[in-house]
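These are the residues of each chain, in order.
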Amino acid sequence: MKPAEIDRRVRETLTLALKKQVPPTGGFSREENPEWDSLKHVEMIFMLEDEFDVQFAEDDFPKMSSVAEIVTLVETRLEA
Amino acid sequence: MTTSQTKAESMTETRVEAALHRAEFQSVVFADTPKRARLMRAAAAMPTQGPPIKLRVHRNHPFEFIATLLPSFCGYAGRNIEVSISDYDDSLHFSLEESADAELIWLDFTRYKLPLNELSEWLKNQTTLLRRGSLAPILIAAHPDATNHASTFNASITQWAKDIPAVRILPLNEIAEDLGEDYFDKRMSDVGATKLSERANVTLARKLGLCWLPSVLEPRLKAVVFDLDNTLWGGVLGEDGPDGVVIDQGYATLQEKAVDLADSGLFIGVLSRNEDADVAAMFASGRMQLPLEKVTDRSVSWGHKADGMAKIATKLRIGFDSILFVDDNPGELAAVASACPGIKLLHAAPDPLETRAALKYFPGLFSWGVDETDLLRSTDLATNDARQELRSTTKSEVDYLSSLQLEMRVAVDPAAHQERLFQLSQKTNQFNTALKRLSTPDVAEVLERPDKHAVAVWLTDRFSDSGLIAAMFVSVNKAGKLSVDELCVSCRALGRGIEDAMVVAAINAVSETRTQAGEKPIRSVTFALQEGPRNGPALTWLEKFSGQSLATKTSVELSRTDTSHFDKTRTLPIRFLKGEPDETR
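Along each chain, numbering runs from 1 in the same order as the chain's sequence is written. Written order decides the labels, with chains lettered from A and ligands numbered from 1. Predicted model: local features are reported for residues with pLDDT of at least 70 only, side-chain atom pairs are reported and counted for 80 or more only, and whole-chain, interface and lining totals are derived from all residues. With hydrogens and water excluded, all non-hydrogen atoms of the structure serve as input to the side-chain values.

Enquirer: Account for the overall build of chain A, naming residues and giving values.
Expert: Each helix is a run of H or I in the DSSP string that is no shorter than four residues. Each strand is a run of E no shorter than two, and both are numbered from the N terminus. A count of helical and extended segments in chain A gives 3 helices and 0 strands. When the helices and strands of chain A are placed in sequence order, the string is α-α-α. With C-alpha atoms as the basis for the radius of gyration, the globule rule is written as 2.2 Å multiplied by the number of residues raised to the power 0.38. Taking 12 Å as the expected radius of gyration for a compact globule of 80 residues, we find that chain A reaches 11 Å, a close match to that expectation. Burial status across chain A gives 48% buried among its 80 residues. Here the accessible surface of atoms and residues is derived via Shrake-Rupley with a 1.4 Å probe, and residues count as covered only by protein chains that are part of the display. Just so you have it, chain A exposes about 4100 Å², and 51% of that area is on carbon and sulfur atoms. Note on charges: Lys and Arg go in the positive column, Asp and Glu in the negative column, and His and the chain ends are not counted at all. All charge positions are set by atom: Lys at NZ, Arg at CZ, Asp at CG, Glu at CD. Side chains of chain A carry 10 positive and 18 negative charges; the gap between the two charge centres is 4 Å. Classification of residues uses two cut-offs on accessible area relative to the type maximum, computed with a 1.4 Å probe and protein chains only: under 20% is buried, over 50% is exposed, and between them is partly exposed.

Enquirer: Describe the sheet that holds strand S11 (residues 406–412) of chain B, naming the residues involved and giving the relevant values.
Expert: Residues and elements named next belong to chain B. What makes two strands pair is DSSP finding at least two bridges between them. Within the open sheet, the 7 strands sit side by side as S16-S15-S14-S13-S12-S11-S17. Their pairing is mixed. This sheet does not close on itself; its edge strands, each paired only once, are strand S16 (555–559) and strand S17 (574–578). Strand-to-strand, the axes of this sheet are offset by a mean angle of 25°, without reference to chain direction. When strand S12 (residues 452–460) meets strand S13 (residues 465–476), the two strands line up antiparallel, connected through 9 bridges. When the sheet's bridge partners are listed, Ala454 is paired in S13 with Phe473. Contacts between residues were defined by any pair of non-hydrogen atoms, one from each residue, lying within 4.5 Å. Every angle, taken between N-to-C directions, lies between 0 and 180 degrees, and every axis is a line fitted to C-alpha atoms, over only the stretch in contact when it is a helix. Along the sheet, helix H21 (residues 499–516) makes contact with S11, S12, S13, strand S14 (481–489), strand S15 (524–528) and S17, crossing S11 at roughly 35°. Most of the contacts of helix H22 (residues 536–546) go to S16, to which it runs at about 30°, and overall it touches S14, S15 and S16.

Enquirer: Please set out the side chain of B:Thr68 residue by residue, giving values where relevant.
Expert: As for its position among the elements, B:Thr68 is in the loop between helix H4 (64–67) and helix H5 (70–76). Judged by its relative accessible area of 18%, B:Thr68 is buried. Any pair of N or O atoms that falls within 3.5 Å is considered a polar contact. Within protein, one atom must be able to donate a hydrogen and the other to accept it, and sequence-neighbouring residues count only if both atoms are side-chain atoms. Looking at B:Thr68, its side chain comes within polar contact range of the side chain of A:Glu43, at 2.7 Å. Ignoring anything within four residues of it in the chain, the contact list for B:Thr68 reads A:Lys19, A:Lys40, A:Glu43, B:Arg36 and B:Met40.

Enquirer: Run through a negative patch on the surface, naming residues and quoting values.
Expert: Residues and elements named next belong to chain B. Residues qualify for a patch when their relative accessible area is over 30% and they have no salt bridge, like charges being joined within 9 Å and the nonpolar side chains of Val, Leu, Ile, Met, Phe, Trp and Tyr within 5 Å. When a carboxyl oxygen of Asp or Glu is within 4 Å of a side-chain nitrogen of Lys or Arg, the pair counts as a salt bridge. Side chains of Asp32, Asp248, Asp351 and Glu354 sit close together on the surface and give a patch of like negative charge. Looking at where Asp351 falls in the secondary structure, it is placed in the loop between strand S10 (344–347) and helix H16 (352–361). Under the relative-accessibility criterion, Asp351 is labelled partly exposed at 33%.

Enquirer: Talk me through the pairing of S13(B); I want residue IDs and the actual numbers.
Expert: For a regular strand, side-chain orientation follows a simple rule: the groups alternate between the two sheet faces. All names here are of chain B. Counting buried positions along S13 gives 11 out of 12 residues, so the element sits mostly inside the fold. Following S12, the chain reverses through 4 residues before pairing antiparallel with S13. Linkage of S13 to S14, two consecutive antiparallel strands, is achieved through a turn of 4 residues, within which Gly480 is found at a positive phi near 85°.

Enquirer: Which residues make up the environment of A:Ala57, and what are the values?
Expert: Within the secondary structure, A:Ala57 sits in the loop between helix H2 (38–52) and helix H3 (67–79). Here the alpha-carbon distance between A:Ala57 and A:Thr25, two residues 32 residues apart in the chain, equals 27 Å.

Enquirer: Explain the environment of A:Glu75 to me, using residue names and the numbers behind them.
Expert: All names here are of chain A. For Glu75, the location among the structural elements is in helix H3. As for Glu75 and Lys63, which are separated by 12 residues in sequence, their C-alpha atoms are 14 Å apart. Once residues lying within four places of it in the same chain are set aside, the contact partners of Glu75 are Pro3 and Ile6.

Enquirer: Break down the interface of chain A and chain B for me, with residues and values.
Expert: The interface is formed by 18 residues belonging to chain A together with 21 residues belonging to chain B. Viewed at the interface, chain B and chain A are joined by 4 salt bridges. Salt-bridge contacts for A:Glu12 lead to B:Arg41; the nearest nitrogen and oxygen are separated by 3.9 Å. At the level of secondary structure, the elements contributing two or more residues to the side of chain A that touches chain B comprise helix H1 (3–18) and H2 of chain A.

Okay, here's the thing in structure tokens:
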């Protein structure tokens, strides 16, 4: 899967999980969006695992704090 | 075309569209492992009606991962849902300012230091407190662990839950057993404070939204009517012949599910465009897992399926809104939905196992065990022909009643039968005088309040035990004036000519209860009335009973002493009994 496609699907998933429109381009991080709390974070992880048919490790969870980080992680998981 | 015709046609179109639109979400809702994102997208597009279900959750661990999925499943059932979740609170300090349609106690029992037997006792006390503060059904999530201690705890809470009205234990242990290691996801403990896996969240949300909540908020459906070709078997009987149609493992499993539904007390119907002789031969061929004796009624012809459905509903004496119709042809589903208001639809998938999965979860089919009322309904229907034959051979109405050997039992405020009283209010169409459609909390309030009463009537005759077949909800004032807010009689009990007797016995029972409590006896009775699309039989009866024209009236009043019905009833050959039946007999 191409990075652009992963990026698009990550943003769609976050939009659904956070109930907030994530812009199609540019940075989007947990730090800047207070609604991205720990419960939404778990829900987002559940949805991303479904979306990409991957499983993240517990150690990955803190590293998933922005669209860019998630895209990189998904790429890694898909390559594994 | 008149405005009213246009409006009626428009409503029919909307109804059919909504029913078919909902069918589009079957693959999302009934999937083996439903996906959260697909469910959440579907929720936004599903047609719903009526006020949202208000679910109040009292918890000490996250419920949010389930709550966000409930709109999808409740939406499929046609309802919106609003979930209000308490703070994390091990002490269960209930906050009950707003009203709720259902209460859910959602606890992680491993957080408590108490021995489980003491925890059960504490939970019982808390549930009793909640019962006093809320009239809504209470659902309690069981301990999901498979340990002996957890099993003993679950057995304990299940036992005391029977003694508190409208309390149900959600068998999380069974879900956990089904999912095995997939029930928990240890990765999430730290980050989300939940131990549940996504599979567990989705499975529990589906069970809650499609099975558990509908079962405590609405009466169960009464019948499932199946098409045959490409629904209960693969292929077309008229073209492929009895040896050509496919009953492979998938169709056999689907037919077994139909048998399970029949055994759980539902009527099973068959509605097919075929030659009846061919269908009869197919059932006699030995290939069917669904035997003909499990099929309560069948309508097989080349006519319109809507007409066949109407015949089945008439034969079973039930409304369309109590029926689920399963067919592989969307056109047939649309035609039946158009002509049969309120009927529920399930599109039979090309893979019969998908249809089987849908029947496992379809809203309104779930039962907490074999329902005695459902079983009595089947027996009553089966013995109806015998009653008709008896009527034709007896010389008079009194002889007929005498030969029926009727026994009528009346109880005032039988709290243990709250659920059945609720069912009668919700589901009776032909004999319902005021169409109030009381909710579970409404019925609970009637049972609690000193100025209101719910009267239940049980009926048996020589052919069958019909069970609790009538409910009368009344208000009484200090002067002995009784208002019948709603009178509903199951259509199973109609046709024996004993409606007067039931009502008089119910009024007498209320009067006796009031006088025993030091209040004045009942002197006058006012019946609230509301004309609906199908309650003509009830209003016709009331007109005759009161001796008054009901035209333009919203209520009708009669003096208890003036009417002859009260005296006449005493002379009828019916054995009248008081109090609830002894369930242990």
